Amino acid sequence: MYYFLSLLTGVIISVMIAFNGALTDEYGVYTATVLIHVAGLLLITAIVLIKRENPFSKRQSWFLYLGGAIGVFTTLANNISFSRISVSAILALMLFGQSVAGIVVDRYGFLGMPKHPFAKRKLIGMVLVLSGIGVMLSDFEAVAIILSFAAGACIVVSRTLNARLSELTSIRVSSFFNYFMGFLAAVPVLIILGGNEISLTEFTLSPNLYIYFGGILGVCVVLLSNITVTKISAFYLTLLIFIGQVFSGVLVDIIISEEISIQIIIGGVFVTAGLSLNLLSDKLAK
């Protein structure tokens, strides 16, 4: 079940990136980031109120609340990269960043997470995964490449912090603080860096209402991640999410560009082959 939920998370992420990218085109990077967190915060607040939970009833270690603030960088990076490289390329680079960070989390048990040693026999699978990513990258945009890689690494850190907070509170409370802290971080970023974007007095709703659903889908991603992150290793969670991302990302790119990218499909096959090889290796080792 947790493998399926991880795959579903990947599908939702690829659609979310497309929605958030459209929102960015409408309002600008920093305004869109605030709107995304507003939408997510409204939804998760409603859920918390329905469940009659008080997120502020107990205080935990301050650093556990930083997941949402770190997530702001991920959202900004995705929004900036969206118009520079394809959705599939963004997802591929994020996978690489998540893979590197995931290996570190598994190896050292970051923030008390279960330790999962990296076996050398998995290197062949890793090579296939990295080869697939290389095949998928057709455009060299240095800023987008760096930001997407860093965004992937930040996802693992943010996901781990949120998961630890959910263990001490609840999945819903952790998700609430993810968006609450993200909103508090996104607003000053907009004020400082988004001065040239639309002002509150000029703000109007777009007739394309679907572009506001990115924040709502983000809540689903956070909730699902909080469920799965402690159940399977960070490395495999990353790769399973990517499989869901890459093939749904291909569909998103087809819808946007109205073209079928054989290159991206081949890259996705390489990544899937690498994952399957490593999963098989683990089963044979038991």
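What counts as what
- Every chain's residues receive numbers from 1 upward, in the order its sequence appears when written.
- Per-residue local features are limited, in this predicted model, to residues with pLDDT of at least 70; the limit for side-chain atom pairs, both in listing and counting, is 80 or more; totals at the level of whole chains, interfaces and linings are taken over all residues.
- Values shown for side chains rest on all heavy atoms present in the structure; no hydrogens or waters enter the calculation.
- What pLDDT expresses is the predictor's confidence in each residue, scored from 0 to 100.
- Helical segments are the DSSP runs of H or I of at least four residues, strand segments are the runs of E of at least two, and each set is numbered from the N terminus.
- Should a side-chain nitrogen of Lys or Arg be within 4 Å of a carboxyl oxygen of Asp or Glu, the pair is scored as a salt bridge.
- For each residue, the accessible area found with a 1.4 Å probe, counting protein chains only, is set against the maximum for its type, and the residue is called buried under 20%, exposed over 50%, and partly exposed in between.
- Helix span is expected to be 1.5 Å times the residue number reduced by one.
- Any two residues whose heavy atoms approach within 4.5 Å are treated as being in contact.
- Of the grid points, spaced at 1 Å and generated over the protein atoms alone, those admitting a 1.4 Å probe that cannot get out make up cavities, while open sets with protein on both sides within 12 Å along at least five of seven lines make up pockets; any residue with an atom within 4 Å of a point is treated as lining.
- Grid points are joined across faces, edges and corners, and a volume is the space filled by probe spheres set on the points.
- Three classes are used: nonpolar for Ala, Val, Leu, Ile, Met, Phe, Trp, Tyr, Cys and Pro, charged for Asp, Glu, Lys and Arg, and polar for all others, with Gly counted as polar.
- Throughout, an axis means a line fitted to C-alpha atoms (over the contacting stretch in the case of helices), and angles, computed between N-to-C directions, take values from 0 to 180 degrees.
- Note on terminology: angles under 35 degrees are roughly parallel, angles over 145 are roughly antiparallel, angles of 65 to 115 are roughly perpendicular, and the others are oblique.
- Helix crossings get a hand from a simple test, with the near helix turned counterclockwise from the far one by less than a right angle marking a left-handed crossing and a clockwise turn marking a right-handed one.

Undergrad: Can you walk me through the confidence of the model for the protein in this structure?
TA: Should pLDDT be low for a region, the predicted coordinates there are not to be read in detail. The share of residues in the protein with pLDDT of 70 or more is 86%, and the mean pLDDT across the chain is 80. Across the protein, the element-wise mean pLDDT spans from 70 in helix H9 (residues 234-257) up to 91 in helix H2 (residues 29-50).

Undergrad: Just to check I follow, could you spell out the pattern of salt bridges for this structure?
TA: Counting across every chain of the model gives two salt bridges. The partner of Glu167 in a salt bridge is Arg164, with the nearest N and O atoms 2.6 Å apart. One end of the pair is Glu167 and the other is Arg164, both in helix H6 (residues 142-168) and three residues apart, which spans about a single turn. Using a relative accessible area of 25% as the deciding quantity, one classes Arg164 as partly exposed.

Undergrad: Honestly, helix H7 (residues 171-193) in this entry has me stumped. Any pointers?
TA: Because an α-helix packs 3.6 residues into every turn, residues spaced three or four apart end up facing the same way. With 23 residues, H7 should reach 33 Å at 1.5 Å per residue; the first-to-last C-alpha distance of 32 Å fits that figure. All of the buried residues in H7 are Val173, Ser174, Ser175, Phe176, Phe177, Asn178, Tyr179, Gly182 and Ala186.

Undergrad: Got a minute to help me understand the side chain of Ser6 in this structure?
TA: By the element assignment, Ser6 lies in helix H1 (residues 2-27). Using a relative accessible area of 0% as the deciding quantity, one classes Ser6 as buried. Other than its neighbours up to four places away in sequence, Ser6 contacts Thr228, Ile232, Leu237, Leu240 and Ile241.

Undergrad: Help me out: how do you make sense of empty space enclosed by the protein in this one?
TA: To find leftover empty space, one rolls a probe the size of a water molecule over the atoms. In the structure shown here, the tally under the stated rule is one cavity of 30 Å³ or more. Lining the largest cavity are 30 residues, and of these Met16, Thr74, Ile155, Val221 and Val222 sit closest to its centre. Of all elements in the fold, only H1, H2, helix H3 (67-82), helix H4 (87-108), H6, H7, helix H8 (214-228) and H9 reach the threshold of two or more residues within the lining of the largest cavity. If one sorts the elements of the lining of the largest cavity by residue count, H3 sits on top with eight residues. Here the lining of the largest cavity is built from residues that sort into 10 nonpolar, 19 polar and one charged.

Undergrad: It is not clear to me how the packing of H6 against H7 should be interpreted in this structure. Could you clarify?
TA: When two helices pack together, their arrangement is captured by the angle between the axes and the distance separating the axes. At a minimum axis distance of 8 Å, the contact between H6 and H7 shows a crossing angle of 135°. With respect to their mutual orientation, H6 and H7 come out oblique. For the pair H6 and H7, the crossing hand works out as right-handed. Contacts between H6 and H7 involve Ser158, Asn162, Leu165 and Ser166 from the former and Ile171, Ser174, Phe177 and Asn178 from the latter. The residue inventory of the contact of H6 with H7, partitioned by class, reads three nonpolar, five polar and no charged.

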